[in-house]
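Below, each chain spelled out in residue letters.
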Amino acid sequence: MSALTDRLYEGAVRLLEQAKRLVVLTGAGMSQESGIPTFRDAQTGMWARFRPEALATESAFRDDPSRVFSWYLQRLKMVRAAHPNPGHESLVAMESRFESLIIATQNVDSLHSRAGSANVLELHGSLERFYCADCGETVSTDEVLAAVRRGGEKLVSPVVCRSCGGLSRPGVVWFGESLPEEPMREAWEAARNCDVMLIVGTSAQVYPVAELPHVAWEAGASLIEINPDETPVSGSCACTIRDSAATGLQRLVMLLPPHEMD
Ligand code: OAD
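Residues numbered from 1 in each chain as written. Predicted model: local features only at pLDDT ≥ 70, side-chain atom pairs only at ≥ 80, totals over all residues. Heavy atoms only, no water.

Asks: Sorry if this is basic, but what is going on with empty space enclosed by the protein here?
Replies: The rolling of a water-molecule-sized probe over the atoms marks out the regions of remaining empty space. Under the definition given, this model contains 1 cavity of 30 Å³ or more. As for the largest cavity, its lining consists of Thr105, Asn107, Asp109, Ser110, Leu111, His112, Ser113, Val120 and Glu122. For the lining of the largest cavity, the elements supplying multiple residues, two or more each, are α8 (111-115) and β3 (120-122). Ranked by the residues each element gives to the lining of the largest cavity, the list is headed by α8, at 3 residues. Looking at the lining of the largest cavity, its residues break down into 2 nonpolar, 5 polar and 2 charged. (1 Å grid on protein atoms, 1.4 Å probe; cavity = no way out; pocket = protein on both sides within 12 Å on 5 of 7 lines; lining within 4 Å. Points joined across faces, edges and corners; volume = space filled by probe spheres on them. Helix = DSSP H or I, 4+ residues; strand = E, 2+ residues; numbered from the N terminus. Nonpolar A, V, L, I, M, F, W, Y, C, P; charged D, E, K, R; others polar.)

What follows is the structure, given as structure tokens:
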């Protein structure tokens, strides 16, 4: 560990020690160490293998519902087989250290909630929810999983809505769609009111979520980034920790004063 890295961790701990309200903004890098690929990493990212406009848009779903539905089912199976990593667990351990700790995540894998974090805002929805693309009625995930079992590795047609006969779609936000209203409102309010925003594993390129660090910064919060690579928000951060999510968050928990932790 270099002296510079030590200083960056010390700086981050000083900011966290003084903070009462912490917002943690997470992206795909948060779950990379759980074995879930990111989107934009050059060789391994999902968007290096698939075109987003062919899988993550309403028009892609209308053009080829089975292809899109099956891709999300495969992702659901992958995240169900994965486990929260020490980074997720460190955020749970940090909770008691702050008056409020809110996680605003772009991840649809539910790993923060599965780790036990109490306040999670899912800004891009969840792979665990399905609803009818026509009438909006919720479609049971159990029914969807039964379709996965029937389909095996083959293309699976979307489960048909019991109310209107429309096709079910995953409860994730696709490109061109609005973010879910309530979590979005809460995330923006939390960003305006936090003392520190910890930004973990996001390329900070996808709007409107990429606005959140600016909202926090303009309201006077300090920003800390944990990401092996530089991002568009790095320049506004008081501390940039160039480690993975699991390494960075475990080390921060270790360095935070023990008497103030659970
Ligand atoms: P990206 O794939 O764009 O960015 C992942 C970030 O994580 C990059 O900056 C990596 O450097 C970093 N990273 C990789 N491994 C890491 C690790 N082990 N620890 C910490 N950081 C690591 O993912 P997001 O920023 O989440 O939206 O992408 C935002 C949105 O774009 C996603 O929610 C998704 C995608 O298209 C939709 O599907 C609508």
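Additional details are given in the paragraphs that follow.
Asks: Would you take a moment to explain the sheet that holds strand β2 (residues 100-105) for this structure?
Replies: Two orientations exist for strands paired in a sheet by backbone hydrogen bonds: parallel and antiparallel. As summarised here, the arrangement of the 6 strands in space is β3-β2-β1-β7-β8-β9, forming an open sheet in which the pairing is parallel. Taken across any chain shown, the strands that pair with only one partner, and hence form the sheet edges, are β3 and β9 (239-241). Strand-to-strand twist in this sheet, taken as the mean axis angle between neighbours without regard to direction, amounts to 15°. With 6 bridges joining them, strand β1 (residues 21-26) and β2 adopt parallel strand pairing. (Pairing = 2+ DSSP bridges. Axes fitted to C-alpha atoms, helices over the stretch in contact; angles between N-to-C directions.)

Asks: Which parts of the structure should I look at to understand helix α10 (residues 181-193)?
Replies: Given 3.6 residues to a turn, an α-helix orients residues that are three or four positions apart in the same direction. Taking 1.5 Å per residue as the helical rise, α10 with its 13 residues ought to reach 18 Å, and the 19 Å between its terminal C-alpha atoms agrees with that figure. Of the positions making up α10, those classed as buried are Pro183, Ala187, Trp188, Ala190 and Ala191. For α10, the buried positions fall inside an angular range of 160° around the axis, keeping them on one side. Where α10 is buried, its residues touch β1, β2, β3, β7 (196-200) and α11 (212-218). (Expected span 1.5 Å × (residues − 1). Buried < 20%, exposed > 50% of the residue type's maximum accessible area, 1.4 Å probe, protein only. Arc of directions from axis to C-beta. Contact = heavy atoms within 4.5 Å.)

Asks: I would appreciate a short explanation of the nonpolar core in the present structure.
Replies: Nonpolar side chains tend to gather and get buried jointly when the protein is soluble and globular. Counting 28 residues, the largest nonpolar core has Phe69, Tyr72, Leu73, Leu127, Phe130, Val144 and Trp174 as its most contacted members. Taken together, the elements giving at least two residues each to this core come down to α3 (46-49), α5 (58-63), α6 (65-81), β4 (125-132) and α9 (141-151). By residue number, the principal contributor to this core is α6, which donates 7 residues. Built from parts of two domains, this core gets at least three residues from each of domain 1 (1-36 + 84-124 + 179-262) and domain 2 (39-81 + 127-172). The residues contacting Leu127, other than those within four sequence positions of it, are Tyr72, Arg75, Leu76, Val79, Val108 and Val172. (Core = buried A, V, L, I, M, F, W, Y, C linked by side-chain atoms within 4.5 Å. Domains from an automatic or database assignment.)

Asks: Please clarify how the domain arrangement of the chain should be interpreted in this entry.
Replies: Accessible area lost on assembly of the parts is the figure often given for the size of an interface. The domains assigned to the chain are domain 1 (1-36 + 84-124 + 179-262) and domain 2 (39-81 + 127-172). Averaged C-alpha coordinates put domain 1 and domain 2 at centres separated by 28 Å. Contact with domain 1, which involves 12 residues of that partner, is made by 12 residues of domain 2. Carbon and sulfur atoms make up 54% of the area that domain 1 and domain 2 hide from each other, which totals about 870 Å². Among the residues domain 1 hides against domain 2, the three largest losses belong to Ile36, Val108 and Arg114. Together they make up 42% of the total. Applying the counting criterion to the domain 1 and domain 2 interface returns 1 salt bridge. Summed over the shared surface of domain 1 and domain 2, the number is 2 residue pairs in polar contact (both at pLDDT 80 or more). The class makeup of the residues in the side of domain 1 that touches domain 2 is 4 nonpolar, 4 polar and 4 charged. (Buried area = accessible area lost by both parts, 1.4 Å probe. Salt bridge = Lys/Arg side-chain N within 4 Å of Asp/Glu carboxyl O. Polar contact = N/O pair within 3.5 Å; in protein donor to acceptor, adjacent residues only side chain to side chain.)

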